[in-house]
Amino acid sequence: MARKSFIAGNWKMHKTIAESKALAQAIKEAQNKNNADIMVAPVFTSLNAVAEVLKGSNVIVSAQDCFYEEKGAFTSQIAPNQVKDAGATCVILGHSERRSLFGDTNEILNKKVKAVLAQGLRVVYCVGETLQERESEKTISVIQQQIEGGLKGFTTQDLKDLVIAYEPVWAIGTGKTATPEQAQEVHKAIRNILEQKFDKDFAQQVRILYGGSVKTDNVDAIMAKEDVDGVLVGGQSLVAEQFIRIINYNK
Ligand code: PGA
């Protein structure tokens with residue numbers, strides 16, 4: 001089945017508003033030879049400015065997280081309708097930094113997915129194992145729990161625009177990339193999990209991104225794998241030239 005490729009940049013806690021706008025502008029003007037879906041996720045304070053720059057383009061603007069309540073006394077939190085109001089059409093949920101540093105559990109993420117979908121926003125749902133889990137051969141069971149827990153209670157219709165990102169924690173920001181074979185193996189296993197939980201059509205249609213030290217010099221080999229539909233890029237999404245090279249990966 002042909003799935004449109006999806007190239008996403010997670011800017012994490014980087015860049016001022018002016019820097020974010022400049023990077024967004026460069027991406028907007030860039031070539032996109034594979035006709036990929038492109039997404040950028042700036043910090044909350046830059047969301048609106050980036051959305052303004054990208055208006056009229058096909059580049060998707062995403063938040064990096066949000067809270068699950070609609071409004072109220074939740075100091076520092078941002079609601080799904082507020083990121084939508086700022087111009088985002090997507091939210092990344094379950095990034096490993098959210099899970100490990102800020103206590104996002106599968107249960108909390110399930111509430112977040114629900115709240116985000118209720119606003120008609122797209123979700124990029126991240127899963128992935130730690131090094132210890134990989135070494136004790138728990139990779140697939142951990143990912144199964146992340147999928148079962150985070151995506152509990154939804155129909156395939158609810159999740160029709162879902163994108164999953166497989167990001168082995170040991171590969172994020174470490175310079176250690178999973179080999180294309182390791183990525184393919186887990187992506188395939190994720191499709192099997194989705195087929196069991198939902199159905200075959202859904203499992204074939206969902207786009208699964210690889211993330212973790214994706215770079216200009218490894219993106220081509222990773223993208224060549226059958227079940228890899230895109231990449232979620234941290235460090236190298238911060239430099240226009242590098243991210244544009246990643247967008248224009250060679251098949
Ligand atoms: P990295 O980050 O590309 O810097 O490893 C990836 C991610 O955390 O999404």
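As shown above, the structure is provided for reference.
Rules and cut-offs
Counting from 1, residues in each chain are numbered in the order their sequence is written. In view of the model being predicted, local features appear only for residues whose pLDDT reaches at least 70, and side-chain atom pairs are presented and counted only at 80 or more, with totals across whole chains, interfaces and linings using the full set of residues. To obtain the side-chain values, all non-hydrogen atoms of the structure were used and water was disregarded. Every definition here rests on a 1 Å grid over the protein atoms only: cavities are sets of points where a 1.4 Å probe fits but cannot get out, pockets are open sets enclosed by protein on both sides within 12 Å along at least five of seven lines, and lining residues have some atom within 4 Å of a point. Grid points are joined across faces, edges and corners, and a volume is the space filled by probe spheres set on the points. Going along the chain from the N terminus, every DSSP run of H or I of four or more residues is numbered as a helix, and every run of E of two or more is numbered as a strand. Throughout, the ten residues Ala, Val, Leu, Ile, Met, Phe, Trp, Tyr, Cys and Pro are labelled nonpolar, Asp, Glu, Lys and Arg are labelled charged, and all others, Gly among them, are labelled polar. Strands were regarded as paired on the criterion that DSSP finds at least two bridges between them. As a rule, the C-alpha atoms of each element are fitted with a line to give its axis, helices using only the stretch in contact, and angles between N-to-C directions run from 0 to 180 degrees. In what follows, residue pairs with any heavy atoms lying within 4.5 Å of each other are defined as contacts. Proximity is defined per residue: if any heavy atom of the residue lies within 4 Å of a molecule or strand, that residue is considered near it. Polar contact is the term for a pair of N or O atoms within 3.5 Å; when the atoms are in protein, one must be able to donate a hydrogen and the other to accept it, and sequence-neighboring residues count only if both atoms are side-chain atoms. Here the Shrake-Rupley method, with its probe set to 1.4 Å, supplies the accessible areas, and only the displayed protein chains count as covering residues. Between 30 and 60 degrees the pair is tilted, below 30 it is stacked and above 60 it is edge-to-face, where a pair is any two Phe, Tyr or Trp rings, Trp via its six-membered ring, whose centres lie within 6.5 Å. Summary of the burial criterion: residues with accessible area below 20% of their type's maximum are buried, those above 50% are exposed, and those between are partly exposed, where the area comes from a 1.4 Å probe applied to protein chains only.

(A) Broad picture of the layout of surface pockets. The calculated volume of the largest pocket comes to roughly 530 Å³. The wall of the largest pocket is formed by 19 residues, among which F44, Q64, D65, R98 and F102 lie closest to the centre. A total of four residues in the lining of the largest pocket trace back to one element, the largest contributor, which is helix α4 (residues 96–102). When grouped by side-chain class, the residues that make up the lining of the largest pocket number 10 nonpolar, five polar and four charged.

(B) Highlighting the sheet that holds strand β8 (residues 230–233). Pairing in this closed barrel of eight strands is parallel, and the strands run β1-β2-β3-β4-β5-β6-β7-β8 around the ring. Within the sheet, the average angular offset between the axes of one strand and its neighbour, ignoring direction, is 25 degrees. Two strands pair when backbone bridges link them, and strand β2 (residues 37–41) and strand β3 (residues 60–63) are joined in this way by two bridges, in the parallel orientation. The residue of β3 that forms the bridge with M39 is I60. Strand contacts of helix α2 (residues 44–54): β2 and β3, with the helix running at about 175 degrees to β3, the strand carrying the most contacts.

(C) Spatial organisation of the site of the ligand. Near the ligand, the surroundings consist of 13 residues, among which K12, H95, E167, G173 and S213 are the closest. H95 is positioned such that a nitrogen or oxygen atom in its side chain is 2.6 Å from an oxygen atom of the ligand. Across the complex, the protein chains shield 95% of the 280 Å² of accessible surface that the ligand would expose by itself. Looking at the shell around the ligand, its residues break down into four nonpolar, seven polar and two charged.

(D) Structural context of the packing of aromatic side chains. All chains considered together, the criterion is met by four aromatic pairs. Geometrically, the ring pair formed by F67 and F74 is tilted, given 5.2 Å between the ring centres and 55 degrees between the ring planes. Given a relative accessible area of 15%, F67 falls into the buried group. By relative accessible area, F74 is classed as partly exposed at 33%. Through successive ring pairs, a cluster of aromatic residues spans F67, Y68 and F74.

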